[in-house]
Amino acid sequence: MSEDLRNILLGLIATGISAALGWFARTYLWRRRLRRKQGFFGLPTGSDCLFVVNRQMGGTEGSVHRNDAFALLELSALIKDCGANLQIVGHDATRQGFGERAEFCVGGPVSNARTAAHLASMLPGVAVDLSRERGPDQGALRVGGETYRWEKGATEHVLLARLTDGHGARPVFLLSGQTAVSNQAAARYLARHHEQLAKRHRDRSFALILKVVNSAAYGPDVTELVADVTASARTPAAAAV
């Protein structure tokens, strides 16, 4: 074998080894990211999860606002990436506890009875103004001594929470917004920032207040993190005073 041919063969072998190592490294990193995503969302491969939809305010029974439907689309890609199965149920048709299956619960307590139950049992420090008459406090979120009001099309808030009782239980993701646009904004924020949220909070519960800016012009695209209210949201209001 000539020297040139030997060098060519060695070059091909080195290239093949480098390609194989690169493929294994990329596969390892992809699998590790997938495991982290599955752990954060509580969605191992082949598992089932619930998407609890609310009732459209002012709509017919069983109708869903289009922005809440868009919230489902925002999250369905994540669920599919995790290899999980999605079951869509109405807020008034869910009669079960939490922890066995991951759950995404969309809508505030006025339009979603499941949200009202989760707030009462797991986030007793959160109060929502449920009045139906127009006024400055209609739909306002109150937590930790702060009041988060909304102005239609200008400023809207949403509570984004990951709730779990630990001990290997699957989490509940609560997207309780003042409007359907803010619900979609929370879903988009969760889809875009889940890796940062997983690093910051690990497997623990958290509760965040997000603000949607000028939704009349930007829709759900411009969303800001206002406050981490985890501690105050989990403390009953009477005890926090």
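Predicted, not measured: the structure shown is a model, and the values here were computed from it. (Residues numbered from 1 in each chain as written. Predicted model: local features only at pLDDT ≥ 70, side-chain atom pairs only at ≥ 80, totals over all residues. Heavy atoms only, no water.)

Undergrad: Requested: an account of the packing of aromatic side chains, with residues and values cited.
TA: The final tally for this structure, using the stated rule, is six aromatic pairs. Pairing Phe40 with Phe206 gives two aromatic rings, centres 6.3 Å apart and planes at 10°, and the pair type is stacked. Linking Phe40 in helix H1 (residues 3-41) with Phe206 in strand S9 (residues 206-213), this pair joins segments that are 166 residues apart in sequence. A single burial state applies to Phe40 and to Phe206, both of which are buried. Taking the centre distance of 5.2 Å and the plane angle of 45° together, the rings of Phe41 and Phe173 count as tilted. Here Phe41, found in helix H1, pairs with Phe173, found in strand S8 (residues 172-177); they are 132 residues apart in sequence, far enough to count as distant. Its relative accessible area of 0% is what places Phe41 among the buried residues. (Phe/Tyr/Trp six-rings, centres within 6.5 Å; stacked < 30°, edge-to-face > 60°. Helix = DSSP H or I, 4+ residues; strand = E, 2+ residues; numbered from the N terminus. Buried < 20%, exposed > 50% of the residue type's maximum accessible area, 1.4 Å probe, protein only.)

Undergrad: Now, about the layout of surface pockets: what can you tell me, with residues and values included?
TA: Taken as a whole, the second largest pocket spans an internal volume of roughly 430 Å³. For the second largest pocket, the lining is made up of 13 residues, of which Arg33, Arg36, Lys37, Glu195 and Ala198 are closest to its centre. Of all the secondary-structure elements, those providing two or more residues to the lining of the second largest pocket are H1 and helix H4 (180-201). Considering every element that reaches the lining of the second largest pocket, the biggest residue donor is H1, with six residues. (1 Å grid on protein atoms, 1.4 Å probe; cavity = no way out; pocket = protein on both sides within 12 Å on 5 of 7 lines; lining within 4 Å. Points joined across faces, edges and corners; volume = space filled by probe spheres on them.)

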